[in-house]
Amino acid sequence: MTPKISQFLAEKQPATPCLVVDVDAVEERYRALQAALPLARIYYAVKANPARPILDRLVSLGSSFDAASWEEIEMCLDAGARGEDISFGNTVKKVSAIRCAWEAGVRLFVFDSEEELDKIARHAPGSRVYCRLLVDNYGAEWPLSRKFGTTVESARELMLRARDLGLDPYGLSFHVGSQQIETDSYEMAISRVAALVSDLSAAGLDLRMVNLGGGFPIRYREDVPDIDTFGEAISVAMRKHFGNALPEMLVEPGRFIAGAAGVVSAEVVLVSKRGREDGPRWVYLDIGRFGGLAETEGEAIRYAIRTARDGEETGPVALAGPTCDGADILYERSPYALPLSLESGDRIELLNAGAYVSTYCSTRFNGFAPLAEHYI
Ligand SMILES: Cc1ncc(COP(=O)(O)O)c(C=O)c1O
């Protein structure tokens, strides 16, 4: 938690649940990534947190943007980004969205199938396109595999088809999975991309760009390699596989930029044994799976939790949200221990929760108001 967030929470005691994001920390993360990968252009993955103060700050820093929908593109444009600074990075796009994007000056589109490529050719003629490859998501705590990306063989055919359709076959992309803790995953993906680039070059098609996606991890409960380690691994892999003919590099960080800049402040609603002396205490919070903590699905993302009673004796707990839905359990199998003195009314904080929380929040499930947000 940054000193600015600590001070804000102590002085304002905002109503819970709420997300507090330190926008200066967003800038620090952006600069840290820039320093770790100076040759790469940063396209912030808007889906991680599209709040206007974050977009404003990133526009002022000269960032580009990876948008998943026309609505996200509009948010970037409203914040002052230009169409040419935006990549329409979703492989699944409505025709109306492609058209609006093209009219707004967006000229960079992804695809991973023939039908999507044909849609782009028809509704965004002449645009730069890049094909997303399917890569192993081993090492990712929030994998994105299976649903996106195509094989090397099909990507080869599609890139040649893109040229025939009058598009600009610009490059290739991959995503090694979100919260990726293995630096090797990038090397493996880069070697596949480089082999295809060289194959296509022999076929007369010179690609100019590699989009390395997102995936850069942040610290939740365990240490992760720092961003310089990822930067070094990627730079070494790019030199190894491309030699001196380095293509343009793009990265699409989401979690890394916004995640560590935010904290969720919540209230303990109930601490209960429910008649069982041997089981863990159940701690029910005023935020759960439907209040924005969607990435606790499968207990994949395990937030670090801070209480005002830290330092006192602890015991095991299961953690759950406040709704009447049985799926609204955050952690039952992951070992969490909280102070034995914890009681309803206590405030707690979920650390590094600035990404993939606010927009996952349901609007009124069980009557609960959407997560309040403070950008400071
Ligand atoms: C296409 C694309 N790019 C970038 C990202 C951001 O990934 P991360 O938050 O792991 O950096 C995502 C996440 O879902 C994505 O789908």
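Residues numbered from 1 in each chain as written. Predicted model: local features only at pLDDT ≥ 70, side-chain atom pairs only at ≥ 80, totals over all residues.

Its 19 residues give helix α8 (residues 184–202) an end-to-end C-alpha distance of 28 Å, which sits within 8% of 27 Å, the value for a rise of 1.5 Å per residue. Burial in α8 covers these residues: Ser185, Tyr186, Ala189, Ile190, Val193, Ala194 and Val197. Along α8, the residues classed as buried sweep out an arc of 155 degrees about the axis, all on the same side. Opposite the buried face of α8, at more than 90 degrees from it, the exposed residues are Ser191, Ala195 and Ala202. Those residues of α8 hidden inside the fold are in contact with β8 (168–173), β9 (178–180), β10 (209–211) and α9 (227–242). Just beyond α8, the residue with positive phi is Gly204, at close to 90 degrees. (Helix = DSSP H or I, 4+ residues; strand = E, 2+ residues; numbered from the N terminus. Expected span 1.5 Å × (residues − 1). Buried ≥ 20, exposed ≤ 12 C-beta atoms within 10 Å, placed from the backbone. Arc of directions from axis to C-beta. Contact = placed C-beta atoms within 7 Å.)

Per the UniProt entry, the sites bearing "active site" (unreviewed entry) are Cys324 in this numbering. You can call Cys324 exposed: it has 8 C-beta atoms within 10 Å. (UniProt positions renumbered as here; feature names shortened; annotations may be inferred.)

Moving on, we get to the pairing of strand β1 (residues 18–21). Looking at chain direction, β1 and strand β18 (residues 372–375) are connected through four bridges and run parallel. Paired with Leu19 across the two strands is Glu373, which belongs to β18. One ladder, built from four bridges, connects β1 with strand β12 (residues 262–272); its direction is antiparallel. Following the sheet pairing, Val20 is matched in β12 by Val263. (Pairing = 2+ DSSP bridges.)

This next bit is on the site of the ligand. The environment of the ligand is formed by 17 residues, the closest being Ala45, Ser178, Gly214, Gly254 and Arg255. In terms of residue class, the shell around the ligand is built from six nonpolar, seven polar and four charged. (Near = placed C-beta within 6 Å. Nonpolar A, V, L, I, M, F, W, Y, C, P; charged D, E, K, R; others polar.)

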